[in-house]
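Summary of the model geometry
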Amino acid sequence: MPNMRMDRNPMPVQDPQIRSGNFSEVALGYTKEQAIDEAQRCLHCKHKPCIAGCPVKVHIPEFIAKVATGDFEAAYQIISESSALPAVCGRVCPQESQCEKMCVRGVKGESVAIGRLERFVADYHNAHSEVSAAKPQMNGHKVAVVGSGPSGLTCAGDFARKGYDVTIFEALHLAGGVLVYGIPEFRLPKSIVQREIDQLKALGVKIETNVIIGRTITIDELMQEYGFEAVFIGSGAGLPKFMNIPGENLKGVYSANEFLTRTNLMKAYQPDATTPIRKGKHVAVVGGGNVAMDAARCARRLGAEVTIIYRRTEAELPARLEEIEHAKEEGIIFRFLTNPLEIIGDEDGWVAAARCQKMQLGEPDASGRRRPVPIEGAEEVIPLDTVIMALGTSPNPLIRDTTDGLDTQHWGGIIVEEETGKTSREGVYAGGDAVTGAATVILAMGAGKTAAAAIDEMIQKK
Amino acid sequence: MNKILARQELCKNITLLRIDAPLVARKCEPGQFIILRTDENSERIPLTVADFDREEGSVTIIFQVVGATTEKLNHLMPGDYLQDFAGPLGRMTQTDGLKKVCVIGGGVGCAIAYPVAKKLHALGAHTDVIIGFRNKELAILDEAFSAHSTRLIRMSDDGTYGDKGFVTDALKKLLAGGETYDEVIVIGPLPMMKAVCALTKEYGVKTIASMNPVMIDGTGMCGGCRLTVGGQVKFACVDGPEFDGHLIDFDEAMARNGQYREFERHAYEETCNLFREVK
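Residues numbered from 1 in each chain as written. Chains lettered and ligands numbered in written order. Predicted model: local features only at pLDDT ≥ 70, side-chain atom pairs only at ≥ 80, totals over all residues. Heavy atoms only, no water.

**Description of the overall build of chain B**
Note the following rule: Put simply, DSSP marks the helices as runs of H or I at least four residues long and the strands as runs of E at least two long, and each gets a number from the N terminus on. This radius of gyration counts C-alpha atoms alone. The globule rule is 2.2 Å times how many residues there are, raised to the power 0.38. Relative accessibility under 20% of the residue-type maximum defines a buried residue, over 50% an exposed one, and the middle range a partly exposed one, all with a 1.4 Å probe and only protein chains included. Residue contacts are counted whenever heavy atoms from the two residues lie within 4.5 Å of one another. Only the protein chains shown count as cover for residues, with accessible areas throughout obtained via the Shrake-Rupley method and a probe of 1.4 Å. The charge count treats Lys and Arg as positive and Asp and Glu as negative. His and the chain ends do not count. Lysine's charge is taken at NZ, arginine's at CZ, aspartate's at CG and glutamate's at CD.
In terms of helices and strands, chain B carries nine helices and 16 strands. The C-alpha radius of gyration computed for chain B amounts to 18 Å, which stays within 12% of the reference 19 Å derived for 279 residues, consistent with globular compactness. Along the first, second and third principal axes, the C-alpha set of chain B runs to 55 × 40 × 40 Å. Here chain B, with 279 residues, has 58% of them falling under the buried criterion. Put simply, of all contacts in chain B between residues at least 6 apart along the chain, 66% involve residues at least 24 apart. Surface accessibility of chain B: about 11,600 Å² in total, with carbon and sulfur atoms responsible for 50%. The averaged location of the 38 negative side-chain charges in chain B is 2 Å from the averaged location of its 32 positive side-chain charges.

Structure (structure tokens):
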């Protein structure tokens, strides 16, 4: 008999008062008992709607059935057939708008906590086994992956399991892409990312850090001189966007990318760090996405009073509900229907305040959300010492500028065939944020998986 | 990890390192830069390429000790390794069609001006070079510039090296005397570049300035290196580091470069103390 309780097992978390002063992980994970109890809530529907909601098609009811019987290792093996990074996805996937959204239990009550179960299974496996992988039989083909973020790691993992000689080229000194420079430690501990990367290395994936494709080596050189038969471009999102308002280049104005990179990759939150960061007393984060929440929560942990400035209302916030709730619990202030017009500096060129326009919601725009329109004459000045712009990114130009015949959108994203990830260049595939613009980890992983399958088919047909 | 092949102290606090970096050496051109880390806990710092040898697979950098990371870098000896050395980054100096140029270097900026002058001179362009230093003790690369310029003008603030005065004094003399150039290329401290650009604007001579803002990744991700050029936001790492000097907002660039001065001074002192304790 399934467990028919309407509500899901809550995720144990660090107390907000305590966690807003540290960078340790917020969510603590289920116990075995909680996991089994939660797994028993699954009805094992015949039509498995949850799988349809998963970009990488994890066999969700099957793994949950194993959790329900306490066979966690078997559950892990089922997840890892489809997902290269279960411990990561269990933490950062927006399950509420994917697998859990489709769950039948969600119709009258709360859906099964699929993400929490995935996380539990991956953590259990990692705690009870060493990194090990039987290296598959090599198939004699050589492929390259550009970028070691979610799409690149997934793509490389699939290649390695099929026996390809695969090399990842990473521009930074550390592999992991947005998982290490962007998503903060308290949401995704770096040791978890490292473990997943070690696992890929054990499978035979080679990772070359400090190689900037488009500069150190071009795509053409990879194929013509280095002998790679195919290349997957997963170079991620690129340059931060700004508002183009006065005062954006004052001292104390950061892009979220810079603020997060300083904090996470360069470990500026540690007292002995050599990379400086302005901690600020009154920090404003402009934007309402997951990156804005990450930046706000980092600034909070560095000791600031933090305000999120967003031009629409709470209902339109693009961030995950869980992130918004966590941010609120940690004392982050939200100012909705507010849009900066100017950042005002002090006599030394540091940020002193933001002059903001009050907004109201008007008619729906192209995105279907009601467009914010200014309320004539309603302005306010918010005193601040640091501003973080979290407004999204535009694609990095290095590869498109150095690869002839690679078609891109007018805004710079690489154009691909959706079913395969194939670009306009023979043998060159792409996926993740480099194609879609800023999106989610799991969508990037899905794209890496799709491309690996398509490239495999292309090479095997030769 | 990249091995240090050679090291030479050019003057007090300015050191040359030749680094084993075949991938970078194969591609780099004057005007481009690299990012390095000295050790696992190091900052990432950008340094513009001072020279390269494609056959040997080496890249030369010249740096001035200004903070914690350059202090650590200055303690590394031949045979030691750098933790990371990535590049080449940025766009190369545009030399196409230049027949007569004036390359101006100030202080350690001469290290970046040198490969530019060398390339232009090798391409057959008339290459006047003006280099300026505070005094004779701080002068670097004299012989190198002599060998790779049509005419070399030396300046120092106190007159102990070449003529007394600023590089702008020398340039003004040339321009006022009727010299014309296809382009002036200037690399040095921001106030110097600002002064040169103001002067060449008066004379209507196109001027390129090489910018060295604060950077982290250097690959077009963090946006820390942004500048205002012609009223638009530009990123030094992917759009530069060279820009039309008449369009750069130098005052903003100077303010932004001072953002971490306090932190850096503190980190520098701590690092110096550490090295003193070791000794």
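The rest of the description comes next.
**Examining the domain arrangement of chain B**
Residue and element names in this part refer to chain B. Our working rule: Segmentation of the chain into domains, including their bounds, is taken from an automatic or database domain assignment. Buried area, as used here, totals the accessible surface that two parts lose on assembly, with accessibility defined by a 1.4 Å probe and the loss added over both. Here, a salt bridge means any side-chain nitrogen of Lys or Arg that lies within 4 Å of a carboxyl oxygen of Asp or Glu. Any N or O atom pair separated by 3.5 Å or less is treated as a polar contact, with the protein-specific requirement of one donor-capable and one acceptor-capable atom, and with residues adjacent in sequence counted only for side-chain atom pairs. Only Asp, Glu, Lys and Arg are considered charged in this grouping, and only Ala, Val, Leu, Ile, Met, Phe, Trp, Tyr, Cys and Pro are considered nonpolar; every other residue, Gly among them, is considered polar.
Domain assignment breaks chain B into domain 1 (2-89) and domain 2 (100-258). The C-alpha-based centres of domain 1 and domain 2 are spaced at 21 Å. Counting residues at the interface gives 19 residues for domain 1 and 23 residues for domain 2. A buried area of about 1,700 Å², summed over both sides, lies between domain 1 and domain 2, and 65% of it is on carbon and sulfur atoms. Counting across the domain 1 and domain 2 interface gives two salt bridges. The closest approach of N and O atoms between Glu29 and Lys119, which form a salt bridge, is 3.1 Å. Across the domain 1-domain 2 interface, the total number found is four residue pairs in polar contact (both at pLDDT 80 or more). Elements supplying a minimum of two residues to the side of domain 1 that touches domain 2: β1 (2-11), β3 (33-37), β4 (45-53) and β5 (58-64). Split by residue class, the side of domain 1 that touches domain 2 holds 12 nonpolar, three polar and four charged.

**Some remarks on the packing of aromatic side chains**
Basically, it comes down to this: Only the six-membered ring of Trp is used, alongside the rings of Phe and Tyr, when aromatic pairs are assigned; centres must lie within 6.5 Å, and planes under 30 degrees apart are stacked while those over 60 apart are edge-to-face, with the rest tilted. We count a charge as sitting over a ring when the NZ of a lysine or the CZ of an arginine lies within 6 Å of the ring centre and within 35 degrees of the ring normal.
Per the counting criterion, the structure on display carries 12 aromatic pairs over all chains. A ring pair is formed by Phe120 of chain A and Tyr124 of chain A, whose centres lie 6.1 Å apart and whose planes are at 35°; its orientation type is tilted. Placement of both Phe120 of chain A and Tyr124 of chain A in helix α8 (residues 114-128) is noted, with a separation of four residues, approximately one turn of the helix. A residue is classified by how much of its surface remains accessible, and Phe120 of chain A, at 8% relative accessible area, is buried. With 5.7 Å between their ring centres and 85° between their planes, Tyr114 of chain B and Phe145 of chain B make a pair best called edge-to-face. Of this pair, Tyr114 of chain B sits in helix α3 (residues 110-122) while Phe145 of chain B sits in helix α4 (residues 142-147); the two residues are 31 residues apart in sequence, bridging distant segments of the chain. Across the pair, exposure class does not vary: Tyr114 of chain B and Phe145 of chain B are buried alike. Following the ring pairs from residue to residue traces out a cluster consisting of Phe23, Phe186 and Tyr269 of chain A. A cation sits over an aromatic face here: Lys328 of chain A above Phe334 of chain A, 6.0 Å from the ring centre.

**Examining the pattern of salt bridges**
Between side chains of opposite charge, a pair can form when the charged atoms approach closely. Following the criterion strictly, the structure yields 48 salt bridges over all chains and no others. A salt bridge links Glu225 of chain A to Arg26 of chain B; its shortest N-O distance comes to 2.2 Å. One end of the pair, Glu225 of chain A, is in the loop between α12 (219-224) and β4 (230-233); the other, Arg26 of chain B, is in helix α1 (residues 22-27), on a second chain. Looking at Arg26 of chain B, the relative accessible area reads 34%, which means it is partly exposed. Residues Arg312 of chain A and Asp365 of chain A are paired through a salt bridge, measuring 3.3 Å at the closest nitrogen-oxygen approach. Of this pair, Arg312 of chain A sits in the loop between β8 (305-309) and α15 (321-329) while Asp365 of chain A sits in the loop between β11 (351-364) and β12 (370-383), and the two are 53 residues apart along the sequence. For Arg312 of chain A, a relative accessible area of 3% gives the class buried.

**Description of the interface of chain A and chain B**
Taken residue by residue, the interface counts 43 residues in chain A and 40 residues in chain B. Here chain A and chain B share an interface that buries about 3,600 Å² over both sides, 55% of which is from carbon and sulfur atoms. Taken together, the links from chain A to chain B amount to three salt bridges. In this structure, the salt-bridge partner of Arg91 of chain B is Asp401 of chain A, at a minimum N-O distance of 3.8 Å. Viewed at the interface, chain B and chain A are joined by 24 residue pairs in polar contact (both at pLDDT 80 or more). Among the elements that make up the side of chain A that touches chain B, the one with the highest residue count is helix α13 (residues 256-263) of chain A (four residues). Class assignment for the residues of the side of chain A that touches chain B results in 20 nonpolar, 14 polar and nine charged.

**What to know about the sheet that holds strand β12 (residues 183-187) of chain B**
Residues and elements named next belong to chain B. Stated formally: Strands were regarded as paired on the criterion that DSSP finds at least two bridges between them. Note on geometry: axes are lines fitted to C-alpha atoms, helical ones only across the stretch in contact, with angles between N-to-C directions running from 0 to 180 degrees.
Pairing within the open sheet is mixed, and its seven strands lie in the order β11-β10-β9-β8-β12-β13-β16. On the outer flanks of this sheet lie β11 (163-164) and β16 (242-244), each paired with one strand and no other. Along the sheet face, α3 touches β8 (100-106), β9 (126-133), β12 and β13 (207-210) and points at about 160° away from the line of β8. With respect to the sheet, helix α6 (residues 190-203) is in contact with β8, β12 and β13, its orientation differing from that of β12 by roughly 165°.

**A word on the state of the cysteines**
Here is the rule: Disulfides are defined as cysteine sulfur pairs within 2.5 Å.
Using the criterion set out here, one finds zero disulfides over all chains in the structure. Free cysteine: Cys298 of chain A, not disulfide-bonded; nearest cysteine sulfur from Cys222 of chain B at 15 Å. Not engaged in a disulfide, the cysteine Cys110 of chain B finds its nearest cysteine sulfur in Cys11 of chain B; these two sulfurs lie 10 Å apart. Given a relative accessible area of 0%, Cys110 of chain B falls into the buried group.

**Notes on the side chain of Arg187 of chain A**
Mapped onto the elements, Arg187 of chain A comes out in the loop between α10 (178-181) and α11 (190-202). With near-sequence residues (within four places) excluded, Arg187 of chain A lies in contact with Glu25, Arg91, Val92, Asp294, Arg297 and Glu323 of chain A.

**Some words on a nonpolar patch on the surface**
Going by this rule: Here, patches come from residues exposed beyond 30% relative accessible area and free of salt bridges, joined within 9 Å for like charges and within 5 Å for nonpolar side chains (Val, Leu, Ile, Met, Phe, Trp, Tyr).
Taken together, Met1, Met4, Leu43, Val104 and Val107 of chain A make up a surface patch of nonpolar side chains, about 550 Å² in accessible area. In this fold, Val107 of chain A is placed in the loop between α7 (99-102) and α8.

**Some remarks on helix α8 (residues 250-257) of chain B**
Note: α-helices contain 3.6 residues per turn, so residues at a spacing of three or four share the same orientation. The condition is simple: What the arc measures is the spread of directions leading from the helix axis to the C-beta atoms.
Taken as a whole, α8 of chain B has its buried residues at Phe250, Glu252, Ala253 and Arg256 of chain B. Looking straight down α8 of chain B, one finds its buried side chains confined to an arc of 160°; they lie on one side. Buried residues belonging to α8 of chain B abut β6 (253-255) of chain A together with α6, β13 and β14 (226-229) of chain B. Taking the backbone nitrogen of Asp251 of chain B as reference, a side-chain oxygen 3.4 Å away marks Asp249 of chain B as the first, capping residue of α8 of chain B.

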